[in-house]
Number of protein chains: 2
Amino acid sequence: MPQISVRGLEMPESPIRKLAPLATAAKNRGIKVYHLNIGQPDLPTPKVAIDAIRNIDREILEYSPSQGYLGYRKKLVNYYKKYNINVSPDDIIITCGGSEAVLFAFMSCLNPGDEIIVPEPAYANYMAFAISAGAKIRTIATTIDEGFSLPKVEKFEELINDRTRAILICNPNNPTGYLYTRREMNQIRDLVKKYDLYLFSDEVYREYIYTGSPYISACHLEGIEQNVVLIDSVSKRYSECGIRIGALITKNLDVRQAVMKFCQARLSPPLIGQIAAEASLDVPEEYSRSVYDEYVERRKCLIDGLNRIPGVYSPIPMGAFYTVAKLPVDDSEKFCRWCLETFNYEGETVMMAPASGFYTTPGAGYNQVRIAYVLKKEDLIRALFILRKALETYPGRVDEE
Amino acid sequence: MPQISVRGLEMPESPIRKLAPLATAAKNRGIKVYHLNIGQPDLPTPKVAIDAIRNIDREILEYSPSQGYLGYRKKLVNYYKKYNINVSPDDIIITCGGSEAVLFAFMSCLNPGDEIIVPEPAYANYMAFAISAGAKIRTIATTIDEGFSLPKVEKFEELINDRTRAILICNPNNPTGYLYTRREMNQIRDLVKKYDLYLFSDEVYREYIYTGSPYISACHLEGIEQNVVLIDSVSKRYSECGIRIGALITKNLDVRQAVMKFCQARLSPPLIGQIAAEASLDVPEEYSRSVYDEYVERRKCLIDGLNRIPGVYSPIPMGAFYTVAKLPVDDSEKFCRWCLETFNYEGETVMMAPASGFYTTPGAGYNQVRIAYVLKKEDLIRALFILRKALETYPGRVDEE
């Protein structure tokens, strides 16, 4: 029997999805599972998007252009303008989710062995896409105790060598909810300019910023226009995770030409997803506002609730809909498994994503979990209660001195 | 400005799509273009699929499982049973088009530098996916004069070395329409077994076989069950190229586990596409029969028509809806460009895919084109007439002695 590839072995399992079989087994035992693990919003997709799908008037579900429909890209230009991001339709390439945008950015910009600096904890799948491209992620530590703010420039420079090709940020951040400040963004800009690096910036959560601080897009940074590759997706913006529509945006023509070759190879992004995504751009203001208000409420509910559980600590996330919280446990993965395999409270349990999967540094985040606040407030309250009960019973509980 | 990657430079442009800007320019000049270049069927998508989309009854367009919906995979089991392919739902992984299935198969099974043997001419995007995975395609020549039949086993063995990891076939073949015989399939089976290779088998055209010869799937070959990875797609079967639903099927658990890590990284295959694809499995028998009958007619019309044009030769394809034809020209790419840029007959022209893009051997196929018969018969007849006129006028005409 032939062997599988080294990269197939090295690919990490998704920390968000790998415990899914345990959750399924728990459900099969009749246990209700509160999903705090996955960033699947429970809020409705805009009606304009569902209607566009229901009203589809085509005889043939044909290929779309490899770059995505021009009509959709034109409308996106206006969307970005609202965020002071000035792009042309040519700068935009529609992808199969933000995932494909990351993969094609890596494939087009990085050679095997090239290094990308990523603040950790980081969205776990970046690691997977780096392995796919043969590139190497070098993480720069941020800590829960410092609220996941960026370390000083010297820490970055310690990592930079002649294989360093890019910095990757997610802003607002998944998994921490951190929002980079203007000072931090300028620091990144200066590094990118000084070492002529790519800056891959995943900004799919720009709608969800809860503080008065401004959203500084990588596209706002002056003097590095040719270095920036913006990663985007409609998944979280419109509760449209399933339609698989993202975008890769760059002013760099060479990068776009390379990316387009990968796009042509996979022929086209999903047709019906593009129809839904384009329609979503006409979503009424009230939709966005009510979604935003809902997350504001949930964030307050979750973070207050977490910090009231003895031994638990969560910083206050400034954006997105996640937080990384510290739990009084020996090993958060063991704890998460135990919640699904062994524990239940009145027939209910919680599923969380062990944070170790968001770190590459061995041991980092061993007692942390990522929690998504994508459940209704009453469910969040109940889930917090069950988490408290679980922590009271868990045999591996460890209280800090 | 940072450099793009070597693989970004090496990626081939799609021979099918790279002339698209010339076609657009021709259309902008008011010229009607008959698209013989692309495998986009003009036949309607089954009504059951469009209806399933129009009747979508969901509030949230959420992620689907990384492996694809179990309900869909269960129904696929019955579909494959009709072709005597016996698989379980667990053996099936739903992908974003057949394209993603090929990419993930390569990523999971091949290390950088590993070699895949592919009979050429071959579907050009295999090259692109191989470059993405850092693998190397070694082509084994088949010729138009021998009707693209497989060379003897010795020719394969000449290419096999310690980096050889796989054989890739497309059956029925894109671009040639060739259908592998039982003898040829047994020859491949023996090679796969002798050298313990993977056999990647792209069988997306199994519905379109026009001779009395049996369809021998790689899954029918005994003794290599752990070596076979089947690539599939609903694109051509149901005129659903735009929904991006394919499948990777294998009995090899190690391969599936590796592929699933790539699947988890990209989260999920398109949701609405799966709904359409699942509904399509209930398509009435008459749909499939009428589509089949239509291609039988068109094939006859196209191949007869081509062989009546002085200097043109096409073998008779046994399956799929393509043929590779030899033209009396100096360079088929120059000719195809000329058809779009310079020529028109009564305001009309034809677009074909230069066959050189389907070969890796330099110079091979220089006077060949791939022609897809996905147009209505009257359009095919008109396109053939225009092709004849173009060949009469083309300044680079070369007649064989």
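Small disclaimer: the values here were computed from a predicted structure and weren't measured.

A. The arrangement of the UniProt feature "domain: Aminotransferase class I/classII large" (unreviewed entry) in chain A in detail. Feature annotation in UniProt places "domain: Aminotransferase class I/classII large" (unreviewed entry) on residues 33–380 of chain A, given in this structure's numbering. End C-alpha to end C-alpha, residues 33–380 of chain A measures 12 Å, and it is 36% helix and 16% strand.

B. Representation of helix α6 (residues 125–133) of chain B. Residue and element names in this part refer to chain B. Along α6, nine of the nine residues are buried, which leaves the element largely enclosed by surrounding structure. Among the residues of α6, those classed as buried are N125, Y126, M127, A128, F129, A130, I131, S132 and A133. Looking one or two residues past α6, G134 carries a phi angle of roughly 75 degrees, positive in sign.

C. Here's a closer look at the packing of aromatic side chains. Summed over the entire model, instances satisfying the criterion amount to 42 aromatic pairs over all chains. Ring geometry for Y210 of chain B versus Y292 of chain B: centroids 5.6 Å apart, planes at 35 degrees, classification tilted. Remark: Y292 of chain B occurs in helix α11 (residues 285–308) and Y210 of chain B occurs in the loop between β6 (198–202) and β7 (228–233); sequence separation between them is 82 residues. Using a relative accessible area of 11% as the deciding quantity, one classes Y210 of chain B as buried. The exposure class of Y292 of chain B is partly exposed, given its relative accessible area of 27%. Each residue in the set Y205, Y208, Y295, F321, Y322 and Y373 of chain A is aromatic and connected to the rest through ring pairs, giving one cluster. Residue placement shows R206 of chain A over the ring face of Y83 of chain A; its charged tip is 5.7 Å from the ring centre.

D. Representation of the relation of the copies chain B and chain A. Laying chain B over chain A is done by rotating through 180 degrees and shifting 0.0 Å along the axis; what remains is an RMSD of 0.0 Å. Expressed as an axis order, the relation between the two copies is that of a two-fold axis. Rotation axis and chain B: the residue whose C-alpha lies nearest the axis is R54 of chain B, separated from it by 2.0 Å. Taken together, the interface assignments show that 100% of the residues at the interface of chain B recur at the interface of chain A, consistent with an identical surface on both copies.

E. Region of interest: the interface of chain B and chain A. Across the contact, 81 residues belong to chain B and 81 residues belong to chain A. When the area that chain B buries against chain A is broken down by residue, the three leading residues are R17, L61 and Y63 of chain B, summing to 12%. Viewed at the interface, chain A and chain B are joined by zero salt bridges. Our enumeration of links across chain B and chain A arrives at 46 residue pairs in polar contact (both at pLDDT 80 or more). The residue makeup of the side of chain B that touches chain A, split by class, is 42 nonpolar, 22 polar and 17 charged.

F. Spatial organisation of the packing of helix α11 (residues 285–308) of chain A against helix α13 (residues 377–393) of chain A. Residues and elements named next belong to chain A. Contact geometry of α11 with α13 gives a least axis separation of 10 Å together with a crossing angle of 15 degrees. Classed by the angle they form, the pair α11 and α13 counts as roughly parallel. Considering the relative orientation of α11 and α13, their crossing is right-handed. Contacts between α11 and α13 involve E294, E297, R298, C301, L302, G305, L306 and R308 on the former and, on the latter, K377, L380, I381, L384, L387 and R388. Within the contact of α11 with α13, the residues separate by chemical class into seven nonpolar, one polar and six charged.

G. Structural context of the pattern of salt bridges. Residue and element names in this part refer to chain A. For the structure shown, the criterion picks out 52 salt bridges over all chains. With its nearest N and O atoms 2.9 Å apart, the salt bridge here joins E157 to K194. Pair noted here: E157 is in helix α7 (residues 153–159) and K194 is in helix α8 (residues 182–195), with a separation of 37 residues, a long-range link. Of the residues examined, E157 reaches a relative accessible area of 26% and is grouped as partly exposed. Its relative accessible area of 57% is what places K194 among the exposed residues. A single network of salt bridges, built from pairs that share partners, joins D42, E294, R298 and K376.

Quick notes on the rules
- Residues numbered from 1 in each chain as written.
- Chains lettered and ligands numbered in written order.
- Predicted model: local features only at pLDDT ≥ 70, side-chain atom pairs only at ≥ 80, totals over all residues.
- Heavy atoms only, no water.
- UniProt positions renumbered as here; feature names shortened; annotations may be inferred.
- Helix = DSSP H or I, 4+ residues; strand = E, 2+ residues; numbered from the N terminus.
- Buried < 20%, exposed > 50% of the residue type's maximum accessible area, 1.4 Å probe, protein only.
- Phe/Tyr/Trp six-rings, centres within 6.5 Å; stacked < 30°, edge-to-face > 60°.
- Lys NZ or Arg CZ within 6 Å of the ring centre and 35° of its normal.
- Least-squares fit on C-alpha atoms with pLDDT ≥ 70 in both.
- Contact = heavy atoms within 4.5 Å.
- Buried area = accessible area lost by both parts, 1.4 Å probe.
- Salt bridge = Lys/Arg side-chain N within 4 Å of Asp/Glu carboxyl O.
- Polar contact = N/O pair within 3.5 Å; in protein donor to acceptor, adjacent residues only side chain to side chain.
- Nonpolar A, V, L, I, M, F, W, Y, C, P; charged D, E, K, R; others polar.
- Axes fitted to C-alpha atoms, helices over the stretch in contact; angles between N-to-C directions.
- Parallel < 35°, antiparallel > 145°, perpendicular 65-115°, else oblique.
- Left-handed = near helix turned anticlockwise from the far one by under 90°.

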